[in-house]
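Now for the letters of each chain:
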Amino acid sequence: MDVRVARMLCVLCLVVTVRAFTQEGFKEVLLKQMGLSEVPKLHKRDLVDLVIPDHVKNKYISMLKRQRVKRRALPSLAGILRGIPGNAGEVLYSDTATRQHLIFDMEGRIPKNSEVTMAELKLFKKPLDRANLPAKQSHRPVSHARVSVYWVQRQHDGTNRTSLIDSRLVPIRESGWKNFDVTQAVHYWLRNKRREPMFLEVWIEGERVGSHASEMAKAVRFTSQDPKDKALSKPELVLYTLDLEDYGGPGDCKEEAVTGKSTCCRQENYVNFRELTWTQYWIIEPAGYQAYRCSGGCLQPPSPLRRFGYGDRSCAVAESSPLPMMYLVKRGNRTEIEAAEFPNMIVEKCSCVTDG
């Protein structure tokens, strides 16, 4: 195929994708990407007792990290947050997992006209107390525990909704700082904030199914935000930002873009899966994402060129990136979880394209 034709087809695909970000259009695109003719008929009961398999969770996290590496870098350190004084951030223990609650005051911490490019949660793993280890038995050795970080969104009805942000295996017998990528959690908070802190949950579970792995995982202890915990190495949230005036500004819309008075630029367009009735039980992760769209006008070609077949120029997608998702699939009476990366879901760059 001619290279120019291939490029034009690619641009057309991107234009169709970005113009489809109405609810109905977005549904059409998503179903097409999945090879489905209609939205699966799923209900809240399909989520009861549903466990995300480790291989699916690892695949999703791996795709998320690969996507973040591709995002623009050049961060400057915005601040190190160490929790809110007076909020203990309790630690709960159960038969299967340890849950640690963390609270960070975000208000006023992110400079104006800047973008959070990366956020790291730093947890200090305490030295192993062998008294916490289960008695030796004839089990297959367990050397790691799975540590997962969730963003917690508090609902108006008093319930909580969680979104998986990062997950990794941590050596049980090693102490020291362990870093988790929580960029997505900060982006969620920025979108959903109600002048409240950011709530995170850390889950410590066995590296595999079985009571012995769960018992070994209970030996993993991180320092907490509780003032009674005298350890100096408290949990930290480290924010990195880009000054948009220096690095990002020209491609992203200013306020006047909403009225159509600006030149071609990229405008924010958040898709909230938790608020769309047809996605709330179907798409497990992410809770939503910044899709962006192209907005604004373009300089038109002079009249002489129009006689040679040059059409109007319009603002369209020039570059896009994929979106990793975890979602439910129905196979007969069984409900299963899959993870996949869907192309052309996030607008990265807009430019003026000549029609025809």
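Residues numbered from 1 in each chain as written. Predicted model: local features only at pLDDT ≥ 70, side-chain atom pairs only at ≥ 80, totals over all residues. Heavy atoms only, no water.

Participant: I keep staring at the sheet that holds strand 16 (residues 334-354) and nothing clicks. Help me out?
Facilitator: Picture the strands of a sheet paired through backbone hydrogen bonds; they go either parallel or antiparallel. Pairing is antiparallel in the open sheet, where three strands are placed in the order 12-15-16. A single partner strand is all that each edge strand has here, and the edge strands are strand 12 (283-285) and strand 16. Each strand of the sheet is rotated relative to its neighbour by a mean of 40°, with strand direction disregarded. As paired elements, strand 12 and strand 15 (residues 313-331) share two bridges and run antiparallel to each other. Following the sheet pairing, Glu-285 is matched in strand 15 by Met-326. (Pairing = 2+ DSSP bridges. Helix = DSSP H or I, 4+ residues; strand = E, 2+ residues; numbered from the N terminus. Axes fitted to C-alpha atoms, helices over the stretch in contact; angles between N-to-C directions.)

Participant: Would you take a moment to explain empty space enclosed by the protein for this structure?
Facilitator: A full pass over the atoms with the stated rule returns two cavities of 30 Å³ or more. Volume-wise, the second largest cavity comes out at about 30 Å³. Trp-151, Gln-153, Tyr-188, Asn-192, Tyr-270, Asn-272, Arg-274 and Ala-287 are the residues that line the second largest cavity. Looking at the lining of the second largest cavity, the elements with two or more residues in it are strand 5 (144-154), helix 4 (183-192) and strand 11 (270-272). Residues belonging to the lining of the second largest cavity are distributed by class as follows: four nonpolar, three polar and one charged. (1 Å grid on protein atoms, 1.4 Å probe; cavity = no way out; pocket = protein on both sides within 12 Å on 5 of 7 lines; lining within 4 Å. Points joined across faces, edges and corners; volume = space filled by probe spheres on them. Nonpolar A, V, L, I, M, F, W, Y, C, P; charged D, E, K, R; others polar.)

Participant: Looking at this model, I keep getting lost on the nonpolar core. Mind explaining?
Facilitator: Across soluble globular proteins, nonpolar side chains have a tendency to be buried as a group. Counting 44 residues, the largest nonpolar core has Leu-30, Trp-282, Tyr-289 and Met-325 as the members making the most contacts within it. Elements with a minimum of two residues in this core: helix 2 (23-34), helix 3 (54-70), strand 12, strand 15 and strand 16. If you count residues domain by domain, this core takes at least three from each of domain 1 (23-75 + 248-354) and domain 2 (79-243). Beyond its immediate sequence surroundings of up to four residues, Trp-282 is in contact with Leu-30, Leu-31, Met-34, Leu-36, Val-39, Pro-40, Leu-42, Met-326, Tyr-327 and Leu-328. (Core = buried A, V, L, I, M, F, W, Y, C linked by side-chain atoms within 4.5 Å. Buried < 20%, exposed > 50% of the residue type's maximum accessible area, 1.4 Å probe, protein only. Domains from an automatic or database assignment. Contact = heavy atoms within 4.5 Å.)

Participant: Can you help me understand the state of the cysteines in this one?
Facilitator: Disulfide: a covalent bond connecting the sulfur atoms of a pair of cysteines. Per the stated rule, a full pass over the model turns up three disulfides. There is a disulfide in this structure between Cys-264 and Cys-315, and the S-S distance comes to 2.1 Å. Here Cys-264 and Cys-315 share a disulfide; its torsion about the S-S bond, 70°, makes the bridge right-handed. One end of the pair, Cys-264, is in the loop between strand 9 (236-243) and strand 10 (265-267); the other, Cys-315, is in strand 15, and 51 residues separate them in sequence. One disulfide bridge connects Cys-298 with Cys-352, the sulfur atoms lying 2.1 Å from each other. Negative torsions about the S-S bond denote left-handed disulfides, and the value of about -90° found for Cys-298 with Cys-352 makes this one left-handed. Within this pair, whereas Cys-298 is found in the loop between strand 14 (293-295) and helix 6 (303-306), its partner Cys-352 is found in strand 16, the two being separated by 54 residues in sequence. (Disulfide = S-S within 2.5 Å.)

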